[in-house]
Amino acid sequence: MNSRTALQNLRLQRRKTQDELDRFIPNRSAMDFGYALYMLTEEARKKGSGKPDIVRSSSSEAYVKRLAEALKQNRTRILAFKNNPSTSYGDGDVMFQHETGSPQQSRPIKKMRHISQTPDLKLDAPHILDNYYMNLLDWGHNNVVAIALNHQIYLWDASNGCVSEFVTVNHEEGPVSSVSWAPDGRRIAVGLANSHVQLWDYQVQTKINTLRGGHQHGTQVNALGWNNHILTTGGVDAKIINNDVRVREHIVEYYRGHRLEVCGLKWSSSGKQLASGGNDNLLFIWDTSMASSSSRTPWLYRLQDHTSAVKALAWCPFQRNLLASGGGRSDRCIKFWNTQTGACLNSINTGSPVCTLQWNKHERELLSTHGLIDNQLILWKYPSMTKMAELYGHSSSVLYTAVSPNRYTVASAAGDETLQFWNVFGCPKVSKPVSKVKPEPFPHITRIR
């Protein structure tokens, strides 16, 4: 009885031990069968198969030894039960790459984005002025495009496609030389040829103020730039003026440095630096902190690398203190600046005058528009500055551009009297509809748990 009990206990113990064991199944996709064959036949090669030894030179012996080391790579197992990360081994001029794992487990390759070679939409823009120094197009945060056509401003609502006439100025004031939406998408600034700047309320369709007395009488206002409640204006008189639109005495500061007309103004996203370009081939970087300091010069940097008028300006959205600028007819270059040090980081000769610049907020890309021979739009990969696409649709210099609020679509206007829309920065991601949650009964009753 006792011996039977001991035997049963032994069987139970063995069965329990076997239940805790597991089988090791090799992963065929992670195995190198060439290496396995080499390892299995290595001993047979060492012992020989009765054939006379082959006489090898010293260089052949060294090659065989090095090849064996490369194949072994400190591996001792023939079977593989899981994938190992890829490993590179380098030695002098020879590089061996060992790749393990199945192709399906490699990193997915990002698909190339399709860029249409034709505009998605083309609208007529009759009587638009063909003037390199003006800025006659802007796209507000309210998804409404404003375009100045001589003495009139028209609006195109991108949400419904409606076109409406918004402002008409008289011949003593006009023509309109610049337009710019305020950040709130409600107010729009209108620069005029008589040195005045009008502020209009889009929602109630009325003029709310006229900024006058800053620029020399009879000189047009070419450029506008918003920085919260500060509206900066640049004119043919070479003056740059900061205007506080909240108060009656609106002029709060002058920036003096340009010798000829100002044609480009852009505030950085931080609102601390202002870039200005002019027909004197100069690019200035102004810093708001220097206004109250005792600096010898009112500007932070005075950059004179361009050899033609500087109108195209664009602050990089993904790298602080990075500014791109473009030169006109005799310059034809895009230059990149570190505005913290004033250093020119790179310069690319595009072969044609640079009219405008727009950064892609979703990818590291830059769009430039050009004039003269081809009148094209060029999409560049940054920082390599390789061309990704060239878009042809205008028959004259592409002087004006604006970007949609979602930063995917670019609107371009030219002296050929057309307004064209390009889906050049990609397509917005379609969000999945959120499932509706059923309302809980008696939601006003406070629950204990």
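Residues numbered from 1 in each chain as written. Predicted model: local features only at pLDDT ≥ 70, side-chain atom pairs only at ≥ 80, totals over all residues. Heavy atoms only, no water.

Novice: Please give an account of the pattern of salt bridges that cites residues and values.
Specialist: According to the stated counting rule, one finds five salt bridges in the structure shown. Among the salt bridges present, the one from Arg 113 reaches Glu 365, with a minimum N-O distance of 2.9 Å. Separated by 252 residues along the polypeptide, Arg 113 in the loop between β2 (94-98) and β3 (121-124) and Glu 365 in strand β25 (residues 365-370) bring together distant segments of the chain. Take Glu 365: its relative accessible area is 2%, and that puts it in the buried class. (Salt bridge = Lys/Arg side-chain N within 4 Å of Asp/Glu carboxyl O. Helix = DSSP H or I, 4+ residues; strand = E, 2+ residues; numbered from the N terminus. Buried < 20%, exposed > 50% of the residue type's maximum accessible area, 1.4 Å probe, protein only.)

Novice: I'd like a description of the sheet that holds strand β12 (residues 221-227), backed by residues and values.
Specialist: Hydrogen bonds between backbone groups are what pair the strands of a sheet, and the pairing can be parallel or antiparallel. Spatially, four strands are ordered β12-β13-β14-β15 in an open sheet, and the strand pairing comes out antiparallel. In this open sheet, the two strands that pair with only one neighbour each are β12 and β15 (251-255). The mean angle between the axes of side-by-side strands here comes to 20 degrees, regardless of whether they run parallel or antiparallel. Two strands pair when backbone bridges link them, and β12 and strand β13 (residues 230-235) are joined in this way by six bridges, in the antiparallel orientation. Counted as the bridge partner of Ala 223 is Gly 234 from β13. (Pairing = 2+ DSSP bridges. Axes fitted to C-alpha atoms, helices over the stretch in contact; angles between N-to-C directions.)

Novice: Tell me about the packing of aromatic side chains, and please be specific about residues and values.
Specialist: Scanning all chains against the criterion turns up 15 aromatic pairs. Aromatic pair Phe 318 and Tyr 382: ring centres 6.3 Å apart, planes at 50 degrees, arrangement tilted. Taken as a pair, Phe 318 in the loop between β20 (310-315) and β21 (322-327) and Tyr 382 in the loop between β26 (376-381) and β27 (386-392) lie far apart in primary sequence, 64 residues in all. Overall, Phe 318 belongs to the partly exposed group, its relative accessible area being 25%. Linked through ring pairs, Phe 166, Trp 181, Trp 200 and Tyr 202 together constitute an aromatic cluster. Its guanidinium or amino end placed over the ring of Tyr 254, Arg 256 lies 4.5 Å from that ring's centre, counting from NZ or CZ. Directly above the aromatic system of Tyr 132 lies the positively charged group of Lys 311, at a separation of 5.5 Å from the ring centroid. (Phe/Tyr/Trp six-rings, centres within 6.5 Å; stacked < 30°, edge-to-face > 60°. Lys NZ or Arg CZ within 6 Å of the ring centre and 35° of its normal.)

Novice: Quick one: what's the story with the sheet that holds strand β19 (residues 301-303), residue by residue and with numbers?
Specialist: What the four strands build is an open sheet, ordered β16-β17-β18-β19; its pairing is antiparallel. Since the sheet does not close on itself, it has two edges, and those belong to β16 (262-267) and β19, each with one partner. Mean inter-strand twist for the sheet, computed between neighbouring axes without regard to direction, equals 15 degrees. For β16 and strand β17 (residues 273-278), the ladder comprises five bridges, and the chain directions are antiparallel. From the neighbouring strand, Val 262 faces β17, where its bridge partner is Gly 278.

Novice: Could you give an account of the nonpolar core, naming the residues involved and the relevant values?
Specialist: Generally speaking, nonpolar side chains in soluble globular proteins are found buried as a group. In this structure, Ile 128, Leu 137, Ile 147, Ile 153, Val 176, Tyr 400 and Leu 419 are the most contacted members of the largest nonpolar core, which totals 35 residues. Once you skip the residues sitting within four places of it in the chain, Ile 153 turns out to touch Ala 146, Ile 147, Ala 148, Ser 164, Glu 165, Phe 166, Val 167, Val 176, Val 179 and Val 190. In terms of nonpolar packing, the next biggest core, distinct from the first, is built from 16 residues, Ile 334, Phe 336, Trp 359 and Leu 366 among them. (Core = buried A, V, L, I, M, F, W, Y, C linked by side-chain atoms within 4.5 Å. Contact = heavy atoms within 4.5 Å.)

Novice: An account of the side chain of Asp 287 is requested, with residue identities and associated values reported.
Specialist: Mapped onto the secondary structure, Asp 287 falls in strand β18 (residues 283-287). One buried charged side chain, Asp 287, makes no salt bridge at all; its nearest oppositely charged neighbour is Lys 272, positioned 8.0 Å away. At 2.5 Å, the side chain of Asp 287 and the side chain of Ser 289 are in polar contact. Contact partners of Asp 287, with chain neighbours within four places excluded, come to Lys 272, Gln 273 and Leu 300. (Lys, Arg positive; Asp, Glu negative; His and termini not counted. Polar contact = N/O pair within 3.5 Å; in protein donor to acceptor, adjacent residues only side chain to side chain.)

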